[in-house]
Each structure stands twice: as C-alpha cells, then as structure tokens.
Amino acid sequence: MPQEDLQAQVAFAEINKRAQAQPTLVKKVGAVIVFDITKGGNVQQSWTIDGKQGTIYEGKPKEGATAQVTITVDDDDFIQLATGQANAPALFAKGKLKVKGNVMLAQKLSTLFKEQSKL
C-alpha cells in the first residue's frame, strides 16, 4: 500500500528546523515520545522526539531509546495541534488523540508546539 503524503511531514520538518536552531527546546521535553500519525485509522508514519538526546527524527526510537509515551493522532488533527488550532486535551477528550504511557510527559510537548504555532 503506497504511503499517502502526510501534512505531518512538513510540520515535523519545521519543528526539526526550530529544534536544530534551539536544541534546548527538545531537551526541555526530557523524554522519548513517539508520534504515530494515522490516515483512515491506519498508522502511516511515525516520528520520534528524543528529548534526552535533543533530536527529532522519522521512525520509531533508535536502538537504546525507549518511548515513554506514544501518541496516536490523525494527520489532520496533528496539523491542527501543531499550528495551535487545536489543543491536546480537547482532542484527547474527543477520542481523536490517544496516549499510551506517561500522560504527564506528553504535556511537556506544549513547549515545542507553542513555539511551532508562531509560524
């Protein structure tokens, strides 16, 4: 099945640019968080925010890293989240965002998204 073009790819590229310019932003997260981006209910692509190493990359955590939180969200909802048009608690309440693992760590992501929403 060919992978659909995901809007999240563009968003993660922008977040990554910002992270490379301000490495302390990603380290503020302080945890390994995986985003599983879905289309039509199926995971299309994953990205890892490694707050311990201060890096963001496509795919699941690299060897030696374990995700403390996995967030599953639809591509469209992720874009709304990344651009500040939606917030995570509201998406979570509607069942549009699923969190596995330490929910408190997921809240630290707001640091990255607050910066991102200024685009």
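See the structure printed just above.
Computed from a predicted model, the values in this text were never measured in an experiment. (Residues numbered from 1 in each chain as written. Predicted model: local features only at pLDDT ≥ 70, side-chain atom pairs only at ≥ 80, totals over all residues. Heavy atoms only, no water.)

## Side note on the overall build of the protein
Item 1. The helix and strand tally for the protein stands at six helices and five strands.
Item 2. Listing each helix as α and each strand as β along the protein from the N terminus yields α-α-β-β-β-β-α-α-β-α-α.
Item 3. For the protein, buried positions account for 42% of its 119 residues.
Item 4. A fraction of 66% describes how many contacts in the protein between residues 6 or more apart in sequence connect residues 24 or more apart.
Item 5. Looking at the protein as shown, the accessible area adds up to about 6,600 Å², and 51% of this sits on carbon and sulfur atoms. (Helix = DSSP H or I, 4+ residues; strand = E, 2+ residues; numbered from the N terminus. Buried < 20%, exposed > 50% of the residue type's maximum accessible area, 1.4 Å probe, protein only. Contact = heavy atoms within 4.5 Å. Areas by Shrake-Rupley, 256 points an atom, 1.4 Å probe, with all protein chains shown as cover.)

## Some points on the packing of aromatic side chains
Item 1. Counted by the stated rule, this structure contains four aromatic pairs.
Item 2. Through successive ring pairs, a cluster of aromatic residues spans F12, F35, W47 and F78.
Item 3. Of note, K62 hangs over the ring of Y57, and the distance from its end group to the ring centre comes to 4.1 Å. (Phe/Tyr/Trp six-rings, centres within 6.5 Å; stacked < 30°, edge-to-face > 60°. Lys NZ or Arg CZ within 6 Å of the ring centre and 35° of its normal.)

## Some thoughts on the packing of helix α1 (residues 7–21) against helix α3 (residues 75–82)
A pair of packed helices is characterised by two quantities: the angle between their axes and the separation of those axes.
Item 1. At their nearest, the axes of α1 and α3 sit 9 Å apart, and the two run at 30° to each other. When the axis of α1 is compared with that of α3, the two are roughly parallel. The handedness of the crossing between α1 and α3 is left-handed. On α3, the residues touching Q7, A8, A11, F12 and I15 of α1 are D75, D76, F78, I79 and A82.
Item 2. Broken down by class, the residue content of the contact of α1 with α3 amounts to seven nonpolar, one polar and two charged. (Axes fitted to C-alpha atoms, helices over the stretch in contact; angles between N-to-C directions. Parallel < 35°, antiparallel > 145°, perpendicular 65-115°, else oblique. Left-handed = near helix turned anticlockwise from the far one by under 90°. Nonpolar A, V, L, I, M, F, W, Y, C, P; charged D, E, K, R; others polar.)

## Concerning the sheet that holds strand β5 (residues 97–101)
Item 1. If you trace the five strands from one edge of the open sheet to the other, you get β3-β2-β1-β4-β5, paired in mixed fashion. Across the chains shown, the open sheet's two edge strands, defined by having one partner strand only, are β3 (55–58) and β5. Each strand of the sheet is rotated relative to its neighbour by a mean of 20°, with strand direction disregarded.
Item 2. The sheet contact formed by strand β4 (residues 69–74) and β5 spans five bridges and is antiparallel. Bridge pairing links I71 to V99 in β5.
Item 3. Here α1 sits on the sheet in contact with β1 (32–39), β2 (42–50) and β3, set at roughly 155° to β3.
Item 4. Each of β1, β4 and β5 is contacted by α3, which is oriented at about 110° to β4, the strand it contacts most. (Pairing = 2+ DSSP bridges.)

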